[in-house]
Amino acid sequence: RNEALQLLVELAAHSEQVANVAAFEGAFDKVWTIVSEEGGLLAGGVVVQDALQLLNNLIRFNVANQRLFREMGHVQRTLG
């Protein structure tokens, strides 16, 4: 799972199309599941960092994914 996460981090960073497909296929929910399973935002390790980097890559410079992220209520999850 960790290697797949790292691959998706890199792919999403370099391809808006990959980022869009991942977001619309439920990547935000899956990322939060990984964060939770790995100890949460405060206690998580490298895997949580990778998951948060994926979130960054999915929404950075991508208005459609930002809107989806906001409308699905994920902003509140980042705040605690």
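Before reading on, note that the structure itself is shown above.
Quick caveat: nothing in here was measured; it's all calculated off a predicted structure.

Procedures and definitions
- Residues numbered from 1 in each chain as written.
- Predicted model: local features only at pLDDT ≥ 70, side-chain atom pairs only at ≥ 80, totals over all residues.
- Heavy atoms only, no water.
- Helix = DSSP H or I, 4+ residues; strand = E, 2+ residues; numbered from the N terminus.
- Contact = heavy atoms within 4.5 Å.
- Salt bridge = Lys/Arg side-chain N within 4 Å of Asp/Glu carboxyl O.
- Buried < 20%, exposed > 50% of the residue type's maximum accessible area, 1.4 Å probe, protein only.
- Expected span 1.5 Å × (residues − 1).
- Patch = residues over 30% accessible without salt bridge, like charges linked within 9 Å, V, L, I, M, F, W, Y side chains within 5 Å.
- Areas by Shrake-Rupley, 256 points an atom, 1.4 Å probe, with all protein chains shown as cover.

This part covers the side chain of N57. Its place among the elements puts N57 in helix 5 (residues 46–59). Ignoring sequence-local partners within four residues, the contact set of N57 consists of V9, A12, A13 and A19.

Tracing the chain through its elements places W32 in helix 3 (residues 27–37). When the C-alpha atoms of W32 and V63 are compared, they prove to be 20 Å apart, with 31 residues separating the residues in sequence. Apart from the residues within four sequence positions on either side, W32 is in contact with L41, L55, F69, H74, R77 and T78.

Turning next to the pattern of salt bridges. Pairing between side chains of opposite charge can happen when the charged atoms of each approach one another. This model, assessed by the stated rule, comprises two salt bridges. Here E37 makes a salt bridge to R1, at a shortest N to O gap of 2.6 Å. Of this pair, E37 sits in helix 3 while R1 sits in the segment before helix 1 (2–14); the two residues are 36 residues apart in sequence, bridging distant segments of the chain. A relative accessible area of 53% places E37 in the exposed class. The partner of E38 in a salt bridge is R1, with the nearest N and O atoms 2.6 Å apart. Here E38, found in the loop between helix 3 and helix 4 (40–43), pairs with R1, found in the segment before helix 1; they are 37 residues apart in sequence, far enough to count as distant. Assessed through its relative accessible area of 31%, E38 is described here as partly exposed. Look at R1 and you get partly exposed, because its relative accessible area is 47%. When salt bridges that share partners are traced, they join R1, E37 and E38 into one network.

Right, let's get into helix 5. With 14 residues, helix 5 ought to run about 20 Å at 1.5 Å a step, and its terminal C-alpha atoms sit 20 Å apart, in line with that. Check the buried side of helix 5 and you find it contacts helix 1, helix 2 (16–24), helix 3, helix 4 and helix 6 (63–71).

It is worth spelling out the environment of L11 at this point. Here L11 shows up in helix 1. Classification of L11 as partly exposed rests on a relative accessible area of 40%. Taking the C-alpha atoms as reference, L11 lies 9.0 Å from N57; in sequence the two are 46 residues apart.

A grouping of L41, L42 and L52 is seen on the molecular surface, where their side chains present a nonpolar patch of about 320 Å² in accessible area. In this fold, L42 is placed in helix 4. Residue class for L42 comes out exposed when judged on its relative accessible area of 88%.

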